[in-house]
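Descriptive structure summary
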Amino acid sequence: MSMKFPPISSKAPVMLHGADYNPEQWLRYPEVLQEDLRLMKLAGCNVMSVGIFSWVSLEPEEGVFTFGWLDQLLDSFALNGIYAFLATPSGARPAWMSEKYPEVLRVERNRVRNLHGVRHNHCYTSPVYREKTATLNGKLAERYAHHPAVIGWHISNEFGGECHCDLCQAEFRGWLKNKYKDSLDELNHAWWATFWSHTYTSWEQVESPAPHGENQVHGLNLDWRRFVSERTINFCQHEIDSVRSFNLELPVTTNMHNIDGVDYRKLAEILDVISWDAYPAWGYTDDGDNARLAAWTAMHHDLFRTLKQKPFLLMESTPSLTNWQSVSKLKRPGMHMLSSLQAVAHGSDSVQYFQWRKSRGSSEKFHGAVVDHSGHEETRVFKDVAEVGKTLAGLADVVGTSTPVQTAIIYDWDNRWAIKDAQGIRNSGLHYEETVLQHYRALWEQGIAVDMIGIEDDLSAYKLVIAPMLYLISEENGKRIEKYVENGGTFLATYWSGVVGETDLCHLGGFPGPLRRTLGIWAEETEGLHSRDLNGLVMKDGNALTLTGDYDAHEIAELIHLEGAEALAHYRSDFYAGQPALTMNRLGEGRAYHLATRVKDTAFYVELYSAVTRKAGISRTLDTNLPTGVTVQLRTDGEHDYLFVQNFSDMEQAVELDGREYSDLRTGTEAPHVLNLPVNGLVMLKRKH
């Protein structure tokens, strides 16, 4: 059975390789534009994202449009075998618009309207801004939707931010009226507004959170975040509507980035292709743990792949360094190839960069680029990029291949928003994302593929579902998890789960709320620990997972009582020494585990998930023990598997294969029984499915 998706564009059924390109910055330098075409082909680049911040070059004054330079560029691309993602330029508007229509500028939380400047400084509600974007987008679509060089729409750029103007306040109130069925009583109950006598008696009293106003009603804060996310998505849909009809076959994407302000699961519903911008700080971590950063990046690749359960695009990455991280380190030898192919290993059908050529001025003039200010190909970075281009050209068979997955982690925006707003337990840092990473990394270290799913997604597709700190969960979704376990699934939850429902009201009757029967425990108290505090998790003799060991625990400890579950480990010290710290509950045909404390040691999670996945019947990509910092990821077409063995350990490593027949994907020769991986090294393998 084929397990392959069509390419992003039938025009380019290959791995896409390219960059953000800003030719409008170089219109006074025609020799530079001509040289760029030569260098693009030399670097093995076949696609560019163009027009992202080109509004003033396309409409220098209201109603006056200048497309000649873009005509010439796209025609040159077509003649040279280069394709384009054509952007709508709404990420930054011209100064003439801000001057004539100041309402397009955002109002911040302090209720002060911004001046013209920077980017993403516009109101998504503004009728003027919507009218102007639709007009320009429509003219772009009418002119270029069928251009032979154009293979997709790149809608705006890295949507984000929020506006608190009167227009947005009115839209927010309308959104709330719709959600709460025009009932202030329902809103007041959902927000527990009797707290501090904050009951609303008219809709006009409701305002968005403000630093000098209301910001302590968690239900309000959560609904505002939901509204901002939906308003952003609504604006993106407005842009899509303005271009879609001109060519229904042209796919639409928008480049996402690692923020929590927009619910990307909902944004993904209106897109054809997922793309994102990855900028890990390779070589710069406080603890020197490059493997942790690699796992963090891999987790997000998997998140974006999971959004539509098909290949995505790495729309931006840096070929060398950035200009905005606290320390701008150069990529070490081999790291550009390794980090680029890491994206492919996790499901990307492209490697693209910001930027193609370094700007001469302004804030990004020192941001990494394929072409430096020197302007030629005799640089280390250009040669690294050309090597990646050559490698990607040999991976046409991998394009469109899928990622079979048996394990999922629940990672939802509502939960992130609510948990970060919670006051109590540990205000110095709940570290939600780091908690998720602890669990993800243990699977990554073993070469076990993971989907990053939402609470509403189908759980039955997985043998194991993990829910770190599932603080916010509805009664309905609690029942879905319960049924999943009863039907034979394996579920693992942690401390600080099942605490509040969908409006951020605490569940009554004891925590973990709707997960209580599934987990077979009652969580009586949850304690935050100071950084100086240390407890421990000690495995019990003869436990059902056959694990041994004594592991340090810190930051959070939950005091639980068994209600059908059995204890697999207990606390080491303090007044709750000997009480359960890790439990297992048998429910129907399945099992549910609960981890009551945050364990420090990565090795604990590796050992835990090695045992849990083994019992759940989950197979590794490569049936062998991997050195720490080495991972294996897989893509398949249903006939052949493509394995990416990657070394992020900062030292040379050897990996023993598992006895199956493998060939080297680059050379086609038989792979040795033991792979020797240099620092920042990787090997790509092929085997029969």
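Because the structure is predicted, anything quoted here is derived from the model rather than measured.

Looking at the environment of His164
Positionally, His164 belongs in the loop between β4 (150-154) and α6 (166-179). The spacing of His164 and Val107 is 57 residues in sequence and 5.1 Å in space, taken between C-alpha atoms. Leaving out residues up to four positions away in the same chain, His164 has contacts with Val107, Glu108, Arg109, Arg111, Gln169, Ser208, Pro209 and Trp224. Among the polar contacts made by the side chain of His164, one reaches the side chain of Ser208 at a distance of 2.7 Å.

Some points on the packing of aromatic side chains
Evaluation of the coordinates by the stated rule reveals 29 aromatic pairs. The interplanar angle of 75° and the centroid separation of 4.8 Å between the aromatic rings of Tyr571 and Tyr576 together place this pair among those described as edge-to-face. An aromatic cluster is present here, built from Tyr264, Trp276, Phe304, Tyr411, Trp413 and Tyr432 joined pairwise through their rings. Here Arg357 stacks its cationic end above the ring of Trp26, 5.6 Å away from the centre of that ring.

With respect to a nonpolar patch on the surface
A contiguous nonpolar surface patch, about 390 Å² in accessible area, is contributed by Trp192, Phe195 and Trp196. Among the secondary structure elements, Trp192 is positioned in the loop between α7 (184-191) and α8 (218-244).

Quick word on the nonpolar core
Among the nonpolar cores identified, the biggest contains 178 residues, and Phe77, Trp356 and Phe491 are the most heavily contacted of them. By residue number, the principal contributor to this core is helix α10 (residues 290-308), which donates ten residues. Counting residues in each nonpolar core, the second largest holds 16 residues, with Trp175, Tyr180, Leu187 and Leu220 among its members.

A short note on empty space enclosed by the protein
Tallied over the full model, the rule gives seven cavities of 30 Å³ or more. Computed from the structure, the largest cavity encloses a volume of approximately 100 Å³. Lining the largest cavity are 13 residues; nearest its centre among them are Ala278, Pro280, Trp282, Ser317 and Ser339. Ranked by residue count, the leading element in the lining of the largest cavity is helix α11 (residues 335-345), at three residues. Its residues assigned to classes, the lining of the largest cavity shows five nonpolar, seven polar and one charged. A volume near 80 Å³ is recorded for the second largest cavity. Taken together, Pro280, Ala281, Trp282, Thr318, Ser320, Leu321, Thr322, Gln325, Lys329, Leu330 and Lys331 make up the full set of residues lining the second largest cavity. Of the residues belonging to the lining of the second largest cavity, the class tally is five nonpolar, four polar and two charged.

Rules used throughout
- Residues numbered from 1 in each chain as written.
- Predicted model: local features only at pLDDT ≥ 70, side-chain atom pairs only at ≥ 80, totals over all residues.
- Heavy atoms only, no water.
- Helix = DSSP H or I, 4+ residues; strand = E, 2+ residues; numbered from the N terminus.
- Contact = heavy atoms within 4.5 Å.
- Polar contact = N/O pair within 3.5 Å; in protein donor to acceptor, adjacent residues only side chain to side chain.
- Phe/Tyr/Trp six-rings, centres within 6.5 Å; stacked < 30°, edge-to-face > 60°.
- Lys NZ or Arg CZ within 6 Å of the ring centre and 35° of its normal.
- Patch = residues over 30% accessible without salt bridge, like charges linked within 9 Å, V, L, I, M, F, W, Y side chains within 5 Å.
- Areas by Shrake-Rupley, 256 points an atom, 1.4 Å probe, with all protein chains shown as cover.
- Salt bridge = Lys/Arg side-chain N within 4 Å of Asp/Glu carboxyl O.
- Core = buried A, V, L, I, M, F, W, Y, C linked by side-chain atoms within 4.5 Å.
- Buried < 20%, exposed > 50% of the residue type's maximum accessible area, 1.4 Å probe, protein only.
- 1 Å grid on protein atoms, 1.4 Å probe; cavity = no way out; pocket = protein on both sides within 12 Å on 5 of 7 lines; lining within 4 Å.
- Points joined across faces, edges and corners; volume = space filled by probe spheres on them.
- Nonpolar A, V, L, I, M, F, W, Y, C, P; charged D, E, K, R; others polar.

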